[in-house]
Amino acid sequence: MTGVIGALGRILCRRLVARGARRLILVGRTALPDRDNWHAVAPDSATGDRIRFVKELEALGAQPLLAPLDIGDETALTAWLADYRRRQSPPIRGVFHLAGQVRDTLLPEMDRAAFDAVYTPKVLGAYLLHRHLADEPLDHFVLFSSIASLLTTAGQTNYAAGNAFLDALAHHRRARGLPALSIDWGPWATGMIEELGLVEHYRTRRGMSSLSPEAGMAVLERVIGQDRSQLLVATVVDWPVFLAWYPQPPPLVADLAAAADETDAPVPGHDSALEAFRAAFRATDPAAREALLTDRFTQVVAHVLRMRPEQVDPGAGLGALGLVSLLAMELRSRVQADLGVTLPVVALLGNTPVGDLIGLVHEELTKAVAAGTDETGAAAAVELFHDERLHPLTQNQKALWFLKQLNPDGFAYNIGGAVEIRTALDPELVFAAFRVLIARHPSLRANFTHEQGRPAQKTAPAEEAAARADVALFDVQEWPWDDIHALIVSEYRKPYDLAHDPLIRLRLFRRGPDRWVLMKAVHHIISDAISTFTFIEELLAVHEALCLGRTPELPEIPARYLDFLNWQNQFLAGHDARRMLDYWKAHLPADIPALGLPTDRPRPPVQTHNGASEFFVLDADLTARVHALAREHDVTVFMVLISAYYLLLHHYSGQDDIIVGSPVTGRTQEQFAKVYGYFVNPLPLHLDLAGQPTVAELLGRVRDVVLGGLDHQEYPFVLLVEELGLKHDPSRSAVFQAMFILLTHKVATEKYGYRLEYIELPEEEGQFDLTLSVYEDEADHRFHCVFKYNTDLFLAETMRRMGSHYVNLLDALTRAAPAEPARRLELLGASERERLVEGWSGAGRRAAVPDVPVHRLVSRIAAERPGSVAVCAPAEDGHAARMTYGELDARSRARARWLRGLGVGDGAVVAVCLEKSPELIVTLLAVLRAAPPICRWTPATRTTGWRP
């Protein structure tokens, strides 16, 4: 493989390893130091970054072999190959040539050095690989070319020429019977295009969407075995914009545009098309409806999977056709938009045959026709809101508004983040960029008031809101970091008056001329995590434009948060909402179990939101094993991590029925992807651990629970709570008391030539008993975890111990055989187990008075200090039950006399069946007095009890 240091090369390496590749020859100019010296390399250096990547591949199970040479240097390449073959190494089975770079230069200004810098790695590197590997048993010879070889622009003569050579070489090899495939890729949403912020540029200015890494790799897997020499892989999403680049479109462009018009016509995905199809389905004879639906469904599948309709085999599963998780969500959304039916994610990702999926859609459409109604009729009766200046709250927002009324001075729902930026910033330009975003996003101008007895959202005019933007600059040069961090947290925690305050604030902290901390805080009622990271990206983009003296240009947002309100109301009036409500009622226990975690403090009668955070990190090896287990069992990383969390809660509570809440983005409609607002909806994921499931069965159960939840995620949780009709317990959150969150944001990134380092802030959200939040750091490839907990229930040391227990369970889960019972996985570490078994149990200690039985010791202390407390145990009412030595001695003597009265004497066997309680202590002492020794017996059912 060449070009592996770039972002695209690394993505390809990871995908090859995931598909079973174990020996990778990585060709690159830079040699790494000896492995013994790797520890001395600065982690944030370029060499440190390459070392980290090699370690990552090794952790994934690969054996990377480094070939430090210039692929265009024939002498170096032949010498390396000779040495490789001399060591009788395994034959080389494939080539992936990604080497090359882009250096746009207009032809009058181009010299030989500028031309060769781009041309040589591609052309000479490809030719030398072709020439010197001619006798190797290659399965693949894949050349990463570019669309520029066919459709180029001014300044890319060198780049176009190099890629055109790759295409020609592929045809030459195929003509000689050798494997070859040259792929003319369009833009990728990674590497240089992503770093330069050009993804939206290509979409809005060039009419082309950029391939995501997941989609690009999925395409590669589909085309790599095709009988083709050359393929063009690019997505033109706006042909009029794309055609505008050519005064006279070349024949190829004109033909592609005409073909796209024909292909796209049947699947426009608009409401009018849906209505037309529904009308056609109703008017068609029932016997012919399936043929009509099969044709339409096949076209939708072909459109999403980028294939011809005739290639869609009704008997094949979509997985065999190339469907992956991201494409599954796209297909689900497309079927819903074009056919008006929402297919289960389980069915799409479960490799259900296409014919069976058509049957599911046919059944739903037939029901709608038989009922004489459809969603459009129900939606027409829904009240729609068009005045952005004043409108009701969404269901998602109502719950947060109510909680704010209960605790006006609380900051549990302040969200946002802080990043350190190492570059020169102009604070006034940063604040100016902030005002641009306030004008751009209506939610950032919102306040919440009472209107006619109900909460309402009011949106201020853009100019008015920008004028009162909440910004501040703090000069903290020479301050200790702890003091700076404390100031950031103080500003972050300031509460909001929802009716009057700006609900977003921006703070700049100057640590030096080219070192700043930027902190954004916002109330959750107008924002979520996706909104926060979109905001930071847009803020930096606008700031960069202002620094260059340009007018900021951001892509148009296709919808508003007000549109989400209307969409949600229409959804709730339709069939899908009723179906989803039925699902949740069927999949949650009839009696919702409260999670009985043992607490350090008595539970307050009314739930509080006082919270704190406890951070811990998984090492790189365990992180890699989490990914490996997910691949092995065909589940996601989320499912592996939450499985260990379920086991942890089971061990602590002793319960088999456990419900964990987990938030989803709530942006299932593509139009809301970039809308700023609060979309999050928590899912109550109920898992039954009864029946001693194996590791494989546990992961399978979790997979079904999670996918089922995702299929029904649009139903608002706040309405579900009302529909369940639960008896309100003011001391606990409704339905679930534990939350799990897997974040997917970038922790460190580079853009515009400088680096962002995210700063961890304590998230004092105590609205649940316990929340486990996890994200994977792209810099160190480790999972970073934090327990957010209610401080009125738990102590910090308890959370530290719980964090270690979670790591132990996850470690055991990733090492266990599939058939191993999941509930027997080890919770305790070796040192903790030794402390409990040998230390706290007293097994390793000698008795102070070895010859005196314990009941006589109790009597001796009772005679000396009868008022001293002997037994203390927590009671259900929150108070502690206590018994003095005098009381314990008297009661145990009385019970011993009662036992002797029943005939119990020396040598008798006494069965004891009692809960852990003061009563158990009294009974054991009584048995010692009446008939030692004791035989403890725990029958399945209690048949007798103590007489009053």
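Criteria and thresholds
- Residues numbered from 1 in each chain as written.
- Predicted model: local features only at pLDDT ≥ 70, side-chain atom pairs only at ≥ 80, totals over all residues.
- Heavy atoms only, no water.
- Helix = DSSP H or I, 4+ residues; strand = E, 2+ residues; numbered from the N terminus.
- Buried < 20%, exposed > 50% of the residue type's maximum accessible area, 1.4 Å probe, protein only.
- Contact = heavy atoms within 4.5 Å.
- Axes fitted to C-alpha atoms, helices over the stretch in contact; angles between N-to-C directions.
- Parallel < 35°, antiparallel > 145°, perpendicular 65-115°, else oblique.
- Left-handed = near helix turned anticlockwise from the far one by under 90°.
- Bend = angle between axes of the 7 residues up to and from the residue.
- Pairing = 2+ DSSP bridges.
- Salt bridge = Lys/Arg side-chain N within 4 Å of Asp/Glu carboxyl O.
- Arc of directions from axis to C-beta.
- Core = buried A, V, L, I, M, F, W, Y, C linked by side-chain atoms within 4.5 Å.
- Nonpolar A, V, L, I, M, F, W, Y, C, P; charged D, E, K, R; others polar.
- Phe/Tyr/Trp six-rings, centres within 6.5 Å; stacked < 30°, edge-to-face > 60°.
- Lys NZ or Arg CZ within 6 Å of the ring centre and 35° of its normal.

**Concerning the side chain of Ser531**
Moving on, step 1. Along the chain, Ser531 turns up in helix H21 (residues 529-547).
Moving on, step 2. The exposure class assigned to Ser531 is buried, which follows from its relative accessible area of 1%.
Moving on, step 3. When near neighbours in sequence (up to four residues on either side) are disregarded, Ser531 contacts Lys520, Arg667, Val675, Tyr676 and Gly677.

**A closer look at the packing of helix H1 (residues 7-18) against helix H8 (residues 213-223)**
Moving on, step 1. It is the contact of H1 with H8, at a shortest axis distance of 11 Å, that shows an interaxial angle of 55°. When the axes of H1 and H8 are compared, the pair comes out oblique. Handedness of the crossing formed by H1 with H8: right-handed. Counting all contacts with H1, which are made through Ile11, Leu12 and Arg15, the residues of H8 involved are Pro213, Glu214, Met217, Ala218, Leu220 and Glu221.

**A word on helix H4 (residues 112-132)**
Moving on, step 1. The largest bend in H4 is about 50°, located at Tyr119, with the proline Pro121 one to four residues further on.
Moving on, step 2. Each element contacted by the buried residues of H4 is listed here: helix H3 (74-86), strand S3 (94-97), strand S4 (140-146) and helix H5 (157-175).

**With respect to the sheet that holds strand S7 (residues 230-233)**
Two orientations exist for strands paired in a sheet by backbone hydrogen bonds: parallel and antiparallel.
Moving on, step 1. One open sheet holds the 4 strands; their spatial order is S3-S4-S5-S7, and the pairing between them is parallel. Sheet topology places S3 and S7 at the edges, where each strand pairs with a single neighbour. The mean angle between the axes of side-by-side strands here comes to 20°, regardless of whether they run parallel or antiparallel.
Moving on, step 2. Two elements, strand S5 (residues 181-185) and S7, share 4 bridges in a ladder whose sense is parallel.

**Here's the deal with the pattern of salt bridges**
Moving on, step 1. As enumerated under the stated definition, the model contains 40 salt bridges in all.
Moving on, step 2. With a closest N to O distance of 3.0 Å, Asp621 and Arg625 form a salt bridge. Here Asp621 pairs with Arg625, and both are found in helix H24 (residues 620-632), just 4 residues apart, close to one helical turn.
Moving on, step 3. Accessibility expressed as a relative area gives 42% for Asp621, which makes it partly exposed.

**What about helix H30 (residues 854-864)?**
Moving on, step 1. Of all the positions in H30, only His855, Val858, Ser859 and Ala862 are classed as buried. One face of H30 carries all of its buried residues, which in axial projection span an arc of 100°. Exposed residues on H30 whose side chains face more than 90 degrees from its buried face are Arg856 and Glu864.
Moving on, step 2. Of the surrounding secondary structure, the elements contacted by the buried residues of H30 are helix H31 (885-901) and helix H32 (918-930).

**Here we look at the nonpolar core**
Nonpolar side chains in soluble globular proteins generally cluster together in the buried interior.
Moving on, step 1. Within the largest apolar cluster, 140 residues are counted, with the highest numbers of intra-cluster contacts made by Phe535, Tyr645, Phe740, Tyr806 and Leu810.
Moving on, step 2. Counting residues per element, this core draws most heavily on helix H25 (residues 637-653), which supplies 13 residues.
Moving on, step 3. With residues near it in sequence (within four places) discarded, Leu810 still touches Leu618, Leu622, Val626, Val640, Leu641 and Ala644.
Moving on, step 4. In terms of nonpolar packing, the next biggest core, distinct from the first, is built from 29 residues, Leu26, Phe53, Leu181 and Leu211 among them.

**So, the packing of H24 against helix H28 (residues 796-815)**
Moving on, step 1. Between H24 and H28, the shortest axis-to-axis distance is 9 Å and the interhelical angle comes to 50°. Viewed along their axes, H24 and H28 adopt a mutual orientation that is oblique. Like other packed secondary-structure pairs, H24 and H28 cross with a definite hand, here left-handed. Contacts between H24 and H28 involve Asp621, Leu622, Arg625, Val626 and Leu629 from the former and Val807, Leu810, Asp811, Leu813, Thr814 and Arg815 from the latter.
Moving on, step 2. A breakdown of the residues in the contact of H24 with H28 according to their chemical character gives 6 nonpolar, 1 polar and 4 charged.

**With respect to the packing of aromatic side chains**
Moving on, step 1. This model, assessed by the stated rule, comprises 22 aromatic pairs.
Moving on, step 2. Residues Trp567 and Phe672 carry aromatic rings whose centres are separated by 6.4 Å and whose planes lie at 70° to one another, so their mutual orientation is edge-to-face. Within this pair, whereas Trp567 is found in helix H22 (residues 561-572), its partner Phe672 is found in the loop between strand S17 (657-664) and strand S18 (681-688), the two being separated by 105 residues in sequence. Just as Trp567 is buried, Phe672 falls in that class too.
Moving on, step 3. Judged by centre distance (5.3 Å) and plane angle (25°), the rings of Phe736 and Phe768 are stacked. A residue pair is termed long-range when its members are at least 10 positions apart, and Phe736 in the loop between helix H27 (717-724) and strand S19 (738-743) and Phe768 in the loop between strand S21 (754-759) and strand S22 (770-777) qualify at 32 residues.
Moving on, step 4. For Phe736, a relative accessible area of 1% corresponds to the buried category.
Moving on, step 5. Given the relative accessible area of 13%, Phe768 is considered buried.
Moving on, step 6. Through successive ring pairs, a cluster of aromatic residues spans Tyr561, Phe564, Trp567, Phe571, Phe672 and Phe679.
Moving on, step 7. Directly above the aromatic system of Phe53 lies the positively charged group of Arg10, at a separation of 4.8 Å from the ring centroid.
Moving on, step 8. The lysine or arginine in question, Lys520, covers the ring of Phe535, its NZ or CZ lying 4.7 Å from the ring centre.

**Here we look at the sheet that holds strand S9 (residues 390-392)**
Moving on, step 1. One open sheet accounts for 3 strands, arranged S9-S12-S11; its pairing is antiparallel. Either end of the sheet is taken by a strand with one partner, and the two such strands are S9 and strand S11 (446-451). Neighbouring strand axes in the sheet, compared pairwise and without regard to direction, differ in orientation by 40° on average.
Moving on, step 2. With 6 bridges joining them, S11 and strand S12 (residues 454-459) adopt antiparallel strand pairing. Opposite Glu451, over in S12, you have Arg454 as the bridge partner.

**With respect to the environment of Gln767**
Moving on, step 1. Take Gln767: it is sitting in the loop between S21 and S22.
Moving on, step 2. Between the C-alpha atom of Gln767 and that of His609, which follows or precedes it by 158 residues, the distance is 4.8 Å.
Moving on, step 3. Leave out the neighbours within four places in its chain, and Gln767 touches Tyr413, Gln607, His609 and Ser733.

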